[in-house]
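Chain and residue survey
Each chain is listed here by its residues.
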Amino acid sequence: MKVLVNAGPWLAVPPPGYGGIENVVATLVPALRERGVEVVLASVGSSTLEVDELISVYDDGQFTELQKPYNQVMGIAHAHQARVAAELRARGDIDLVHDHVEVVGPAVLSAFGGPPVLHTLHWDLRKHPAFYGAFPPSIAVNGVSESQLARAPDALRAASLGAVYLASPLADRDVRVDRGEYLLVMGRICGLKGQHVAARICQKLGLPLVLAGPVSGRNTPAELDDVVQNPDHPLHSHPDVRYHLDQVSRYLDGDLVRWVGAVGGEARDQLYAKARAALFPIQWDEPGGTAVVEALALGVPPVGLRRGCLPEIIDHGRTGFLADSEEELAEWVLRVDEIDPEECRREARHRFSPSVMAERYLELYEAATAR
Ligand code: UDP
């Protein structure tokens, strides 16, 4: 079977640091290839993932262009997607397209009418109601959690082949670590992820907290400073920059609560592995939660708010804790050492490994082809 996996034009695969969809693709593709699937990756030229063929419009990830006006951003997405459609038109060897590009992805591919398409829904499905409410019926979809699909418009839910949980290659790794004392929030710094809640709790409890993640694509405190100090910078009033400035930075004291910027590769894994617990004070219905899965895989108990996909991933009391309020979250944070790290790792190996994800996608590829 030959599958064209479309990762979009925003970041290289694997991503150099932060990257949601690109991480998913980097986890899935090797496991598919181990199972004999040939993979044509549509991404950007700087992608280094081992595949049978790479096609791209842009040499490098266009992530920083997301700050541009909406129509220009759409123009980038369209150019990428049109190239994929042209490729499909020119060749007849692709059995299925596994598409991960939001909004313009399915629209362009359905207009073309080539091989069957499975589109993975990565987002909160209430974000673009007009689009998701009128999803092209020829395209099969899957979600990344049941709770995400439960919030989908009726027509989309009816067309769905089900949910496939996100996975992490860390689930297959044998990690032995000396646990540190600090708690960790790993993720984009933004209101949805709720870093300020973790900061408030840790400051109150006197517990060390590390916040890791980019602020609107700025990867270091110095990069962010350039934006903050320059009122003419196009990101100056970006909601994530304002969030960091107005709600998070007041808790940063360089000692107890620290923001270390975005981390990637081995540095990221080490930062995770040595954490005492990973906090998820989410302020939205998190659709998939790669970071939760990664924490489990490294035996770091996740503690979060009971929203979105978290209750499907965390088994309260066994592999982590779920809370209904900030006060309750603080109480569970004090009890993280009751969770057995081995239980977290077992859960990740059993439910969130790349093999589990690949097997499930192969079933869905078959179902999408049969449709
Ligand atoms: N991540 C990273 N470095 C950072 C912050 C995040 O590599 O500094 C990774 C994180 O480990 C996870 C992904 O980015 O693999 C974020 O995925 P998640 O589903 O948690 O969040 P979202 O896709 O909503 O940003």
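Residues numbered from 1 in each chain as written. Predicted model: local features only at pLDDT ≥ 70, side-chain atom pairs only at ≥ 80, totals over all residues. Heavy atoms only, no water.

- In the annotation of an unreviewed UniProt entry, the entry for the protein reads Glycosyltransferase involved in cell wall biosynthesis, and the organism field reads Nonomuraea angiospora.

**Section: the sheet that holds strand E11 (residues 277–280)**
- Here six strands make up an open sheet; going across it, the order is E10-E9-E8-E11-E12-E13 and the pairing parallel. Two strands in the sheet have a free side with no partner beyond their single neighbour: strand E10 (257–259) and strand E13 (321–323). With strand direction ignored, the average angle separating the axes of adjacent strands in the sheet is 20 degrees.
- Sheet analysis places strand E9 (residues 209–212) next to E10, joined by three bridges and oriented parallel. Opposite Leu209, over in E10, you have Val257 as the bridge partner.
- Sheet strands in contact with helix H7 (residues 195–205) are strand E8 (183–186), E9, E10 and E11, and its direction is about 165 degrees off that of E9. (Pairing = 2+ DSSP bridges. Helix = DSSP H or I, 4+ residues; strand = E, 2+ residues; numbered from the N terminus. Axes fitted to C-alpha atoms, helices over the stretch in contact; angles between N-to-C directions. Contact = heavy atoms within 4.5 Å.)

**Brief notes about the nonpolar core**
- With 66 residues, the main nonpolar core has Leu183, Leu184, Leu209, Leu271, Leu279, Val303 and Leu310 as its most contacted residues.
- The biggest single contributor to this core is helix H11 (residues 290–297), with six residues. (Core = buried A, V, L, I, M, F, W, Y, C linked by side-chain atoms within 4.5 Å. Buried < 20%, exposed > 50% of the residue type's maximum accessible area, 1.4 Å probe, protein only.)

**Things to note about the environment of Glu294**
- Positionally, Glu294 belongs in helix H11.
- Note: C-alpha distance between Glu294 and Leu170 (124 residues apart in sequence) is 6.5 Å.
- Contacts of Glu294, omitting those with residues within four sequence positions, involve Ser168, Leu170, Arg268 and Tyr272.
- Side chain to side chain, Glu294 and Arg268 meet in a polar contact 3.1 Å long. (Polar contact = N/O pair within 3.5 Å; in protein donor to acceptor, adjacent residues only side chain to side chain.)

**Here's the deal with the UniProt feature "domain: Glycosyl transferase family" (unreviewed entry) in the protein**
- Under the present numbering, the feature "domain: Glycosyl transferase family" (unreviewed entry) in UniProt falls on residues 180–339.
- Here residues 180–339 runs as 36% helix and 14% strand, with 15 Å between its end C-alpha atoms. (UniProt positions renumbered as here; feature names shortened; annotations may be inferred.)

**Notes on the site of the ligand**
- Around the ligand, a shell composed of 19 residues is seen, among which Tyr18, Arg188, Val263, Arg268 and Glu294 lie nearest.
- In this structure, Arg268 approaches the ligand through a side-chain N or O atom, which is 2.8 Å from an oxygen atom.
- The fraction of the free accessible surface of the ligand (540 Å²) that becomes covered by protein chains is 93%.
- For the shell around the ligand, the secondary structure elements donating two or more residues are helix H10 (265–273) and H11.
- Its residues placed into classes, the shell around the ligand shows seven nonpolar, seven polar and five charged.
- Counting the residues that make up the shell around the ligand, at least three belong to each of domain 1 (2–167 + 353–370) and domain 2 (170–350). (Near = heavy atom within 4 Å. Areas by Shrake-Rupley, 256 points an atom, 1.4 Å probe, with all protein chains shown as cover. Nonpolar A, V, L, I, M, F, W, Y, C, P; charged D, E, K, R; others polar. Domains from an automatic or database assignment.)

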